Amino acid sequence: MTLDDVPAVGALEHQLFPIDAWPVQMFLDELSQPETRRYLVAETSEGIVGYAGLMCIEPIADVQTIAVVPGHEGRGIGSTLLTQLIDEARHRGAADVLLEVRADNPRAQQLYVRFGFEQIHVRPRYYRDGVDALIMRLHLPAAHPDGHEATEAGQV
């Protein structure tokens, strides 16, 4: 995501999340912190059809936002964005990736479970309309210098 993408992303944000939409300034603030943030867009010939963002302050990475335009769901865009965020978290040395998802959004929950996220907590009435947030975590095993992931016992 670049500064030039922010107006379109802001418009999508208000379309997709009318109750909890981020103000455009929030996207600008996030982009101004590349040392701890990474934001992406997915584009087609129609324009931006998805976006996602990650904050990483070791040892925790947090998915700040991820969204796909409804007419483009089911095409792997959300999976691609999430894969890139997880890869970025690994690159930045995160041990865990956290996210909040609406309790009334089973499609998103299923995506996260497919990626290995597990629910660890509930934040009651987290969203402005009173819906709970499910807190989910993906543990990222440490990698050895040879590129293989370590097990919990520290063996390859």
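Residues numbered from 1 in each chain as written. Predicted model: local features only at pLDDT ≥ 70, side-chain atom pairs only at ≥ 80, totals over all residues. Heavy atoms only, no water.

Caption draft 1: Region of the structure containing the overall build of the protein. Each helix and strand counted, the protein has four helices and six strands in total. Starting at the N terminus, the α and β elements of the protein follow one another as α-α-β-β-β-α-β-α-β-β. The C-alpha radius of gyration of the protein comes to 16 Å, within 12% of the 15 Å expected for a compact globule of 156 residues. In terms of principal-axis extent, the alpha carbons of the protein reach across some 50 × 35 × 30 Å. Counted over contacts in the protein with a minimum sequence separation of 6, partners at least 24 positions apart contribute 53%. Split by element, the accessible area of the protein, about 8,800 Å² in all, is 52% carbon and sulfur. In the protein, which carries 12 positive and 23 negative side-chain charges, the distance between the mean positions of the two groups comes to 4 Å. (Helix = DSSP H or I, 4+ residues; strand = E, 2+ residues; numbered from the N terminus. Rg over C-alpha atoms; globule rule 2.2 N^0.38 Å. Contact = heavy atoms within 4.5 Å. Areas by Shrake-Rupley, 256 points an atom, 1.4 Å probe, with all protein chains shown as cover. Lys, Arg positive; Asp, Glu negative; His and termini not counted. Charge placed at Lys NZ, Arg CZ, Asp CG, Glu CD.)

Caption draft 2: Representation of the packing of helix 3 (residues 77–91) against helix 4 (residues 106–114) in the model. Interhelical geometry of helix 3 versus helix 4 gives an angle of 50° and a closest axis separation of 11 Å. When the axis of helix 3 is compared with that of helix 4, the two are oblique. Helix 4 is crossed by helix 3, and the crossing has right-handed handedness. Residue-level inspection shows Gly78, Ser79 and Leu82 of helix 3 in contact with helix 4, the latter providing Leu111, Tyr112 and Arg114. (Axes fitted to C-alpha atoms, helices over the stretch in contact; angles between N-to-C directions. Parallel < 35°, antiparallel > 145°, perpendicular 65-115°, else oblique. Left-handed = near helix turned anticlockwise from the far one by under 90°.)

Caption draft 3: Seen up close, the packing of helix 1 (residues 6–16) against helix 2 (residues 24–31). Look at helix 1 against helix 2: their axes get within 9 Å of each other, and the N-to-C directions meet at 130°. As summarised for this structure, helix 1 and helix 2 are arranged oblique, according to the angle between their axes. Read as a crossing pair, helix 1 and helix 2 show a hand that is right-handed. Of the residues in helix 2, those touching helix 1 at Val6, Val9, Gly10 and Glu13 are Val24, Phe27, Leu28 and Leu31. Of the residues assigned to the contact of helix 1 with helix 2, the class counts are six nonpolar, one polar and one charged. (Nonpolar A, V, L, I, M, F, W, Y, C, P; charged D, E, K, R; others polar.)

Caption draft 4: Helix 3, seen in detail. In this model helix 3 runs 21 Å from its N-terminal to its C-terminal C-alpha over 15 residues, within 8% of the 21 Å that 1.5 Å per residue would give. Where helix 3 is concerned, the buried positions are Ile77, Gly78, Leu81, Leu82, Leu85, Ile86, Glu88 and Ala89. All buried residues of helix 3 fall inside an arc of 165° around its axis, so they share one side. On the buried face of helix 3, the contacting elements are strand 1 (37–44), strand 2 (47–57), strand 3 (60–68), strand 4 (96–102), helix 4 and strand 6 (133–139). Two residues or fewer past helix 3, glycine 93 is found with a positive phi of approximately 85°. (Expected span 1.5 Å × (residues − 1). Buried < 20%, exposed > 50% of the residue type's maximum accessible area, 1.4 Å probe, protein only. Arc of directions from axis to C-beta.)

Caption draft 5: Geometry of the pairing of strand 3. Most of strand 3 is tucked away, with seven of its nine residues classed as buried. Examined bridge by bridge, strand 2 and strand 3 share eight bridges and lie antiparallel to one another. Residue pairing across strands places alanine 52 opposite isoleucine 66, the latter belonging to strand 3. Examined bridge by bridge, strand 3 and strand 4 share three bridges and lie parallel to one another. Bridge pairing in strand 4 links aspartate 62 to leucine 98. As for the winding sense of the linkage, the β-α-β connection from strand 3 through helix 3 to strand 4 is right-handed. (Pairing = 2+ DSSP bridges. Right-handed = clockwise from strand over helix to strand, strands pointing away.)

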